[in-house]
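# Overview (structure and organization)
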Amino acid sequence: MTAMHARAARRWLTVGAVALGAVGLGAAGCDEPNDWPRPRPRPASAPTAAVAAEAPTGGCPDPVAGLWLARRYDGVKWYEHRVSLDRRGGTLYCHQESRSWPGEAADVNPPRCPSGGFAYHDVLLTCEVIERPPILELRSVTMDVERHTCDYEIPGYNLDHFTGALRGNTWDTVNNDGGDDVDKPYRFHRVSCTP
C-alpha cells in the first residue's frame, strides 16, 4: 500500500467510525445501527461536536458527494459497505470499504479476535461512478487492500456493482457482483456531506 493509500485508509476508518456514531439508522436489516469498529483494538470514541454537526439533516451542497453507509444481513453473514464520493474540479472520485463477518441477526458488531479488536474481512477498493439523475451507478474497479483483521483466511471478494435511485440522503440500490449478490438490495444513508 502506498503512503497516500495508507493515509486515506486511516482517515476513512476514523471518519467512518465517528460519523456513523453521530446518526441513527432506521429499522432492522440493512439499516441496523453499528459503531463501525476500527480495525485496531482501541476503544470507540464518542463523536465530536464538529463531526456530529457534519452529519446532514437536510440537503448537502452536492447531491452525490459525501460518505454513504449501508448494511445487510443475509441470514448467515453481516455485510457493511461505506462509499466515499469526493467531487474535485468536476470529477467525482470514489473509494469504497466493505466488511463482512459470520454471525446471527443479533450480532450487529463483529466478534473479537483472540488478541482483542474486532474480527472481520476487510476490503478497500477504488470505484467509479456514473451519474444519471436520479440514478447513481457505482462499480468497484480495483481491490487495493484485502485482509482479515485477525489474520485468518481471506474468503475472497467479488467486485460490486450498485445501481439505484437517490432520494436526498438515501440511496436505494441493488448489487450485482457476478457471484454472491444478484439483485441484492442495499439502502445507503449519507452520514456526512464530505467524504
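In what follows, the accompanying structure is described. Quick caveat: nothing in here was measured; it's all calculated off a predicted structure. (Residues numbered from 1 in each chain as written. Predicted model: local features only at pLDDT ≥ 70, side-chain atom pairs only at ≥ 80, totals over all residues. Heavy atoms only, no water.)

### Considering the overall build of the protein chain
A tally of regular secondary structure across the protein chain gives two helices and eight strands. Secondary structure elements of the protein chain, listed N to C terminal, follow the sequence α-α-β-β-β-β-β-β-β-β. Looking at the protein chain residue by residue over its 195 residues, the buried ones come to 45%. Sequence-distant contacts, at least 24 apart, represent 56% of the contacts inside the protein chain between residues at least 6 apart. (Helix = DSSP H or I, 4+ residues; strand = E, 2+ residues; numbered from the N terminus. Buried < 20%, exposed > 50% of the residue type's maximum accessible area, 1.4 Å probe, protein only. Contact = heavy atoms within 4.5 Å.)

### Regarding the environment of N158
Mapped onto the fold, N158 is located in the loop between β5 (135–148) and β6 (161–167). Sequence separation between N158 and G178 is 20 residues; the distance between their C-alpha atoms is 6.9 Å. If near-sequence neighbours (up to four positions away) are discounted, N158 is found in contact with D177, G179 and D180.

### Remarks on the sheet that holds β5
Here eight strands make up a closed barrel; going around it, the order is β1-β2-β3-β4-β5-β6-β7-β8 and the pairing antiparallel. Neighbour-to-neighbour, the strand axes of this sheet turn through a mean angle of 30 degrees, independent of strand direction. (Pairing = 2+ DSSP bridges. Axes fitted to C-alpha atoms, helices over the stretch in contact; angles between N-to-C directions.)

### With respect to the nonpolar core
In terms of nonpolar packing, the biggest core is built from 17 residues, with L85, L138, W171 and F188 touching the most fellow members. Contributions of two or more residues to this core are made by β1 (66–73), β2 (77–88), β3 (91–102), β4 (121–132), β5, β6 and β8 (184–192). Core analysis: the next-biggest nonpolar cluster, separate from the first, contains six residues, Y73, W78, F118 and Y120 among them. (Core = buried A, V, L, I, M, F, W, Y, C linked by side-chain atoms within 4.5 Å.)

### Things to note about the pattern of salt bridges
Inspection of every chain in the model, using the stated rule, returns 13 salt bridges. Between D86 and R88 there is a salt bridge, with its nearest N and O atoms 2.9 Å apart. Residue R88 is classed as partly exposed on the basis of its relative accessible area, which comes to 44%. Where salt bridges share partners, they join R82, E97, R99, D122 and R147 into one cluster. (Salt bridge = Lys/Arg side-chain N within 4 Å of Asp/Glu carboxyl O.)

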